[in-house]
Amino acid sequence: MAGESNTGTGPQPIGLPHGAIATVAGNGTAGYLSDGGPAPLTQLNSPFGLAVDRQGNLYIADRYNHRVRKVTPEGIITTIAGNGQAGYVSDGGPAVATRLSLPPDVAVDDAGNVYITDFGNHRVRKVTPDGIITTVAGNGEAGYISDGGPAVATRLNYPHGIAVDREGNLYFSEMNGHRVRKVTPDGIITTVAGNGQPGYVSDGGPAVATRLSTPSGLAVDPEGNLYIADWGNHRVRKVTRNGIITTIAGNGTGGYVSDGGPAAVTSLNYPHGVALDAAGNLYIGDSGNHRVRRVSTTGIITTVAGTGIAGYIDDGGPAVSTRLYSPWGVALDAAGNLYIGDYSNHRVRGVTAVAVMTPPLLPAADLYGESVAPYAVPRGQMFDLGVRIKNRGPNPVEGRFVTVVLNLADGLEGIPGNGDRRLSRTFTGQQLLPHQGSLDGVFRVSAPGTMPAGICTSTLEIQYSGEINLKDNVERLPVTIVVPAPVGDETALTVIQDTIPTAAPGQSAVFTVKYISGVDRPVNPGDIVQRFTAPSGFTFRGRPTYAYYETTHGVTPVPLDHSIEDSGQTLVITANPHLNTTASDTGSLVYFIPVQARTDALPGRYDNGSASIGRLAPIQISGTITGAPSPLTARVVQTKLEKARVRPGQQWVYPAVLEITNTSRRAIGTEQITLTAPQGMRFTEDALTLWRDGSSQEVVGAAQRSPDGRRLTCQAQLDTDPGKWVVLYPAMEVDSSATPGTVRVSLQLGNPPFATGHASIVIETP
């Protein structure tokens, strides 16, 4: 956002008490309707950065609408830049008729010029008061050349945050360039922070010699000090006019501890937007903590909006007791009203007179819980689990500040069996007096019929206004699940062909066979012979492997004992397809079986293969031969397995890192890449990031998401010679209700595909 000092009073509704929250733009539904009407009744699509001008107009970077919107002090919304289509056309014409690409932030100077970080176009644009758009930095190419020359002639690397100072200097962060650049009024560009290498070194030295990690929002104070949301380092940094960098908020560890102490020693969680009020207090969009924090001029941090729980609650009440969902941009107007880009709620919220508000201190509480948990439960039954929350005093406690969070053990499910294993409850409208009564923190849960025997331990937190540092705040609730001993043999299995191999003559493919047992049916047949016959046109090649899915232990493919007979027509596997005997073999068992299409195979689908599993009746195995063989081949493997663990509610994560190696004799140029996300996960943006073998920087290509966000298609410029590789890593997010367990992101390379692969991801229990 901008660091301008001269702002007017914005569109925050009048008549609300200090600290109250209201929606000033967006009805909560992602999309675009039209302009010219009341801003709270229209749609936004993931609002990011914000700014307020001298007249009190609020500017919104409406990122996924590829527009910048303006809300007048009277609450009327219009578009000032972007026609809603992603891309770049030209400069010099009306801003509303041209294209932008995923603009994340906006700033405005005292003359009314609006500056936009045009993220996907690698430019910074300027819109004059008469609506004409020009480029003020970036030549449209991603990368870095040097400093000291004309800003419009150099390269930028995904510009993100933006601010302008009193002298007309423009500052913007390069998220993938790990720098903050400055453009003087005469158009010369320099670096003011970051050496281009991601990471963190130390504070106290020259800002241009240290490292930043995907820097985001910026602000400038009247003295010319620059504030940087150092997103990947979980810090906010300050650069003085003489170029010295220090940390003023965040200890570098992502998370939330508490408020009321020094900002530099507490935790932030992916800070994005930063803004300053007239008194010099700093406001931070602490996106991963779902809060907006304030750092006073004495360095003390407090929360001014958000309880820390992602979501949305009606407006009108205190901002500190409502819910936000990934707040990103922040800005203030002349009356001290705070505006918040409530990204995942698709709204812009306003908090009345936050700059003069003293966050209310809650009365001291001494809460504890009396456990409610049975000793043993037969699987397949429902039961009560949780605590009765009580108050030892000395003060009454308002229930709206009390939240109980139950993290269910692996396998247990919340009713009505939707797989949600993080259950929470807040007690709005109730009051807990000292030594009198209790709040009902007990939940109805179930042990599914497939759950293994043993002790499963759930954990429960009692939170007071989002804090969890109270006495007796965490309970461990062990329950013994009773199940019969495994007695089933292979006749209790259901076996299906899960995927059908598709290959051109001479090409390789992999198909999967899934083994499933019925509910409440453990299977342990011992080693049995499993004979597979290939469909016409295919032969078995390579080593088959197996893995278990729907567990929280991760997926580790293990080789199967096997032999290949009849010149590749027959595959014999000797193994024990056991299921539901321990916590590590629940769900389903999957065999991965490599095959190759014969060079003389004719195109068509063939359904004459078979699989005979012990005493089970044979099942049909199918395969499809496509047309002419592709001269291209590639190997797809998952790397960076340490990143492949996520938690429900996480955003902007990169757990699926896939390496594509060119195994053919010719270069792979531009090819279609299709990625498919599992249930409970989605792709975050219409882009795909690549890193080529031998390159010094990553490349971000435009991509297209399906309406549900689970399919991402990109015409990717791989430009990979034989033997070389390219690594891709899409930005993803996890639904807050995602079921813990192991899931897969699948990849197809080429259209028709000439290579496939997948990445296994563990969704952890919250």
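Below you will find a few notes about this structure. The numbering scheme is per chain: residues are counted from 1 as the chain's sequence reads. Reporting in this predicted model follows two pLDDT cut-offs: at least 70 for local features of residues, and 80 or more for side-chain atom pairs to be given and counted; totals over whole chains, interfaces and linings ignore these cut-offs and use all residues. Only hydrogens and water are removed before side-chain values are computed, so all heavy atoms of the structure are retained for them.

## As for the overall build of the protein
We count it as follows: Only DSSP runs of H or I reaching four residues or more are called helices, and only runs of E reaching two or more are called strands; each is numbered from the N terminus. For this measure, only C-alpha atoms enter the radius of gyration; the expected value for a globule follows 2.2 Å times N^0.38, where N is the number of residues. By definition, residues are in contact when any of their heavy atoms lie within 4.5 Å. In this description, accessible areas are obtained by the Shrake-Rupley approach with a 1.4 Å probe, and a residue is regarded as covered only by the protein chains that are shown. Only four residue types enter the tally: Lys and Arg on the positive side, Asp and Glu on the negative side, with His and both chain ends excluded. Think of each charge as sitting on NZ of Lys, CZ of Arg, CG of Asp or CD of Glu.
A tally of helices and strands in the protein yields zero helices and 60 strands. Its C-alpha radius of gyration of 29 Å places the protein within 12% of the 27 Å reference for a compact globule of 766 residues. Overall, the C-alpha framework of the protein stretches about 80 × 75 × 50 Å when taken along its three principal axes. Put simply, of all contacts in the protein between residues at least 6 apart along the chain, 60% involve residues at least 24 apart. When the accessible surface of the protein is split by element, carbon and sulfur atoms take 50% of a total near 29400 Å². Taking the average place of the 58 positive charges on the side chains of the protein and the average place of its 65 negative ones, the gap between the two points comes to 2 Å.

## Section: the nonpolar core
Our working definition: Throughout this description, the term nonpolar core refers to a set of buried Ala, Val, Leu, Ile, Met, Phe, Trp, Tyr and Cys residues connected via side-chain atoms within 4.5 Å. The buried label goes to any residue with under 20% of its type's maximum accessible area, the exposed label to any with over 50%, and the partly exposed label to all in between, with areas taken from a 1.4 Å probe on protein chains only.
One finds Ile-660, Ile-673, Leu-675, Leu-728, Met-732, Leu-747 and Leu-749 to be the most contacted residues of the largest nonpolar core, which totals 35 residues. Leaving out residues up to four positions away in the same chain, Leu-675 has contacts with Leu-658, Phe-683, Leu-688, Arg-710, Arg-711, Leu-712, Leu-728, Pro-730, Val-745, Ser-746 and Leu-747. Formed by 32 residues, the second largest nonpolar core is a distinct cluster that contains Val-495, Ile-528, Phe-532 and Leu-616.

## Here we look at empty space enclosed by the protein
The cut-off we apply is this: The distinction between a cavity and a pocket rests on a 1 Å grid over the protein atoms alone: a 1.4 Å probe fits inside a cavity but cannot get out, while a pocket stays open yet meets protein on both sides within 12 Å along at least five of seven lines, and a residue with an atom within 4 Å of a point counts as lining. Grid points are joined across faces, edges and corners, and a volume is the space filled by probe spheres set on the points. Residues are grouped as follows: Ala, Val, Leu, Ile, Met, Phe, Trp, Tyr, Cys and Pro are nonpolar; Asp, Glu, Lys and Arg are charged; every other residue, Gly included, is polar.
Tallied over the full model, the rule gives one cavity of 30 Å³ or more. As a volume, the largest cavity reaches approximately 100 Å³. Those elements giving two or more residues to the lining of the largest cavity turn out to be strand E2 (47-52), strand E18 (271-276) and strand E22 (327-332). Here the residues of the lining of the largest cavity sort into six nonpolar, seven polar and one charged.

## Comments concerning the side chain of Arg-235
The criterion, for reference: When a carboxyl oxygen of Asp or Glu lies within 4 Å of a side-chain nitrogen of Lys or Arg, that pair is called a salt bridge. Here a polar contact means two N or O atoms within 3.5 Å. Within protein one must be a hydrogen donor candidate and the other an acceptor candidate, and residues neighboring in sequence count only if both atoms are side-chain atoms.
Residue position: Arg-235 is located in strand E16 (residues 235-239). Buried within the structure, Arg-235 lacks any salt-bridge partner; its nearest side chain of opposite charge belongs to Asp-203, at an N-O separation of 4.5 Å. A distance of 3.5 Å separates the side chain of Arg-235 from the backbone oxygen of Asn-251, its partner in a polar contact. When residues no more than four places from it in sequence are discounted, the contact partners of Arg-235 are Tyr-200, Ile-228, Ala-229, Asp-230, Thr-247, Ala-249, Gly-250, Asn-251, Gly-252, Leu-268 and Pro-271.

## Quick notes on the pairing of strand E21 (residues 301-305)
Selection rule: DSSP bridges decide pairing: two strands pair if at least two such bridges lie between them.
Here E21 lies mainly inside the structure; four of its five residues are buried. The pairing of strand E20 (residues 291-295) with E21 spans four bridges and is antiparallel. Looking at E21, one finds that Val-292 is bridged to Ala-305. Once E20 ends, the chain turns through five residues before running back antiparallel as E21, passing Gly-299 with a positive phi of about 90 degrees.

## A closer look at the sheet that holds E22
The criterion, for reference: Here, axes are lines fitted to C-alpha atoms. For helices the fit covers the stretch in contact, and angles between N-to-C directions go from 0 to 180 degrees.
Pairing is antiparallel in the open sheet, where four strands are placed in the order E1-E24-E23-E22. Of all the strands in the sheet, just strand E1 (21-25) and E22 have a single pairing partner and so form its edges. Along the sheet, successive strands turn relative to each other by an average axial angle of 30 degrees, direction set aside. Summarising the sheet, strand E23 (residues 338-342) and strand E24 (residues 347-351) pair through five bridges and their orientation is antiparallel. Looking at E24, one finds that Ile-340 is bridged to Arg-349.

## Concerning unusual backbone geometry
Working note: non-glycine residues mostly have negative phi, and peptide bonds are mostly trans. The residue His-290 is not glycine, and still its phi comes out positive at about 55 degrees. Mapped onto the fold, His-290 is located in the loop between strand E19 (282-286) and E20. Residues other than glycine seldom take positive phi values, yet Ser-567 does so here, at roughly 55 degrees. Considering the arrangement of structural elements, one finds Ser-567 in the loop between strand E43 (562-565) and strand E44 (570-575).

## A word on the sheet that holds strand E10 (residues 159-164)
Here four strands make up an open sheet; going across it, the order is E10-E11-E12-E13 and the pairing antiparallel. Where the open sheet ends on each side, the last strands, each with one partner, are E10 and strand E13 (189-193). Ignoring which end each strand starts from, the neighbouring axes of this sheet average 30 degrees apart. Pairing of E10 with strand E11 (residues 170-174) involves four bridges; the strand directions are antiparallel. Residue pairing across strands places Val-164 opposite Leu-170, the latter belonging to E11.

## Comments concerning the side chain of His-122
Along the chain, His-122 turns up in the loop between strand E7 (114-118) and strand E8 (123-127). One polar contact links the side chain of His-122 to the main-chain amide nitrogen of Tyr-158, over a distance of 3.4 Å. Apart from residues no more than four positions distant in its own chain, His-122 is found in contact with Ala-137, Gly-138, Asn-139, Gly-140, Glu-141, Ala-142, Leu-156, Asn-157, Tyr-158 and Pro-159.

## Section: the environment of Tyr-227
Along the chain, Tyr-227 turns up in strand E15 (residues 226-230). Measuring from C-alpha to C-alpha, the distance between Tyr-227 and Ala-249 comes to 10 Å, with 22 residues separating the pair along the chain. Here Asp-221 takes part through its side chain, which lies 3.2 Å from a polar atom of the side chain of Tyr-227.

## Here's the deal with the packing of aromatic side chains
As a reminder of what qualifies: A pair of aromatic rings is counted whenever rings of Phe, Tyr or Trp (Trp by its six-membered ring) have centres within 6.5 Å, and the orientation is called stacked for planes under 30 degrees apart, edge-to-face for over 60 and tilted otherwise. By definition, being over a ring means that NZ of Lys or CZ of Arg is both within 6 Å of the ring centre and within 35 degrees of the ring normal.
Counting across every chain of the model gives nine aromatic pairs. Between Phe-48 and Tyr-343, the ring centres sit 5.0 Å apart and the planes meet at 80 degrees, which makes this aromatic pair edge-to-face. Taken as a pair, Phe-48 in strand E2 and Tyr-343 in the loop between E23 and E24 lie far apart in primary sequence, 295 residues in all. Residue Phe-48 shares its accessibility class with Tyr-343, and that shared class is buried. Grouped by ring-pair contacts, the aromatic residues Phe-48, Trp-328, Tyr-343 and Trp-652 constitute a single cluster. Geometry around Phe-119 places Arg-63 over its ring, the cationic atom sitting 4.4 Å from the centre. Above the ring of Tyr-312, the side-chain terminus of Arg-347 is found at 3.9 Å from the ring centroid.

## Notes on the pairing of E2
Within E2, six of the six residues are buried, leaving the element largely enclosed by the surrounding structure. Both E2 and strand E3 (residues 58-62) contribute to a ladder of four bridges, which runs antiparallel. The partner of Ala-51 across the bridge, within E3, is Tyr-59. Hairpin connection, E2 to E3: the antiparallel pair is bridged by five residues, and Gly-56 has positive phi, about 90 degrees.

## Quick notes on the environment of Tyr-88
Tracing the backbone through its elements, the reader meets Tyr-88 in the loop between strand E5 (77-81) and strand E6 (105-108). Judged by its relative accessible area of 31%, Tyr-88 falls in the partly exposed class. In the structure, Tyr-88 is positioned 82 residues away from Leu-170 in sequence and 22 Å away in space, judged by C-alpha atoms. Among all residues touching Tyr-88, those that are not within four sequence positions of it are Arg-99, Asn-121, Arg-123, Arg-125 and Thr-135. Within the structure, the side chain of Tyr-88 is placed 3.2 Å from the side chain of Asp-91, a separation counted as a polar contact.

## Focus on the pattern of salt bridges
Enumeration over the complete set of coordinates arrives at 27 salt bridges. Among the salt bridges present, the one from Asp-35 reaches Arg-69, with a minimum N-O distance of 3.1 Å. Taken together, the positions of Asp-35 in the loop between E1 and E2 and Arg-69 in strand E4 (residues 67-71) put the pair 34 residues apart, joining distant regions of the chain. Where Arg-705 meets Asp-686, a salt bridge forms, and the shortest distance between an N and an O atom there is 2.9 Å. With a gap of 19 residues between them, Arg-705 in strand E55 (residues 704-705) and Asp-686 in the loop between strand E52 (681-683) and strand E53 (687-692) connect regions that are remote in the sequence. Here Arg-705 falls in the partly exposed class, since its relative accessible area comes to 25%.

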